[in-house]
Amino acid sequence: MTHPALEMYDYHVWANQTMLNRLKELPQDVYNKEIQSVFSTISKAIAHIYLVDACWLDIISGKSMREAMADSAQLTAGVESKGIEEMEKLYVQISERFKTFLNQQENMEKKLMLDNPYTRPRETSLSEMVLQVVNHATYHRGNITAMLRQMGHASVMTEYALYWYS
């Protein structure tokens, strides 16, 4: 049986691709249009989801959270400048790396020390960290949906129950 966290990660990949597919259907200027919202552009929101995924992959692979965050911060400008097709390729690459790593794990409940610089160290299971990745992106896909509506465009449903039927 597949671990529920792995199933949720598969949902995460599907939901991100579903959102990217919707964004590619819209006029090109929508992706980089500046607005007053949670993010100044949808492209920055898409980049943020990717960068946080990359950060968490580094953390579960053994980097300290502080080091992973610093590495992610160094990538920010370059990632934020990419077009939607380039971002789509980056999303495919990071998901393949994530899946390769996760499929090699014998115990998704193994505890890792999470040294969050904003609070205190915490023993956290690998499965909890995967769920954090999924939850984080779900939150920001909701931001993107609101941003699209603010610009007069419909978004796309990416909720988990819809994934069951995809």
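Residues numbered from 1 in each chain as written. Predicted model: local features only at pLDDT ≥ 70, side-chain atom pairs only at ≥ 80, totals over all residues. Heavy atoms only, no water.

The protein chain carries the name Damage-inducible protein DinB in an unreviewed UniProt entry, which gives Paenibacillus phytorum as its organism. The protein chain has a UniProt comment under Sequence similarities (unreviewed entry) that states "Belongs to the DinB family." (UniProt positions renumbered as here; feature names shortened; annotations may be inferred.)

Here we come to the overall build of the protein chain. Counting its secondary structure elements, the protein chain contains seven helices and two strands. In the protein chain, the order of α-helices and β-strands from amino to carboxyl end is α-α-α-α-α-β-β-α-α. Radius of gyration (C-alpha) of the protein chain: 16 Å, near the 15 Å computed for a compact globule of 166 residues. For the protein chain, with 166 residues in total, the buried portion stands at 45%. Pairs at least 24 residues apart make up 71% of the contacts formed inside the protein chain by residues separated by at least 6 positions. Here the protein chain has roughly 9200 Å² of accessible surface; of this, 51% comes from carbon and sulfur atoms. (Helix = DSSP H or I, 4+ residues; strand = E, 2+ residues; numbered from the N terminus. Rg over C-alpha atoms; globule rule 2.2 N^0.38 Å. Buried < 20%, exposed > 50% of the residue type's maximum accessible area, 1.4 Å probe, protein only. Contact = heavy atoms within 4.5 Å. Areas by Shrake-Rupley, 256 points an atom, 1.4 Å probe, with all protein chains shown as cover.)

What follows is about the nonpolar core. Judged by nonpolar contacts, the single largest core of 47 residues is most densely connected at L23, I42, I46, W56, F98, L102 and I144. Mapped onto this core, the elements with two or more residues apiece are α1 (4-25), α2 (29-32), α3 (42-60), α4 (65-80), α5 (84-103) and α6 (126-150). Considering every element that reaches this core, the biggest residue donor is α3, with 14 residues. In contact with L102, other than residues within four places in its own chain, are L6, Y9, I60, M108, L126 and V130. With five residues, the next largest nonpolar core counts Y11, W14, A15 and V134 among its residues. (Core = buried A, V, L, I, M, F, W, Y, C linked by side-chain atoms within 4.5 Å.)

Our next topic: the side chain of E88. Here E88 lies in helix α5. With sequence-adjacent residues up to four places away left out, E88 is seen in contact with Q17, L20, N21 and K24.

Moving on to the packing of α3 against α6. Running from N to C, α3 and α6 cross one another at 175°; their axes reach a closest spacing of 10 Å. Classified by the angle their axes make, α3 and α6 are roughly antiparallel. Side by side, α3 and α6 meet where I42, A45, I46, H48, I49, V52, D53, W56, I59 and I60 of the first sit next to L126, M129, Q132, V133, H136, A137, H140, R141, I144, M147 and L148 of the second. Split by residue class, the contact of α3 with α6 holds 15 nonpolar, four polar and two charged. (Axes fitted to C-alpha atoms, helices over the stretch in contact; angles between N-to-C directions. Parallel < 35°, antiparallel > 145°, perpendicular 65-115°, else oblique. Nonpolar A, V, L, I, M, F, W, Y, C, P; charged D, E, K, R; others polar.)

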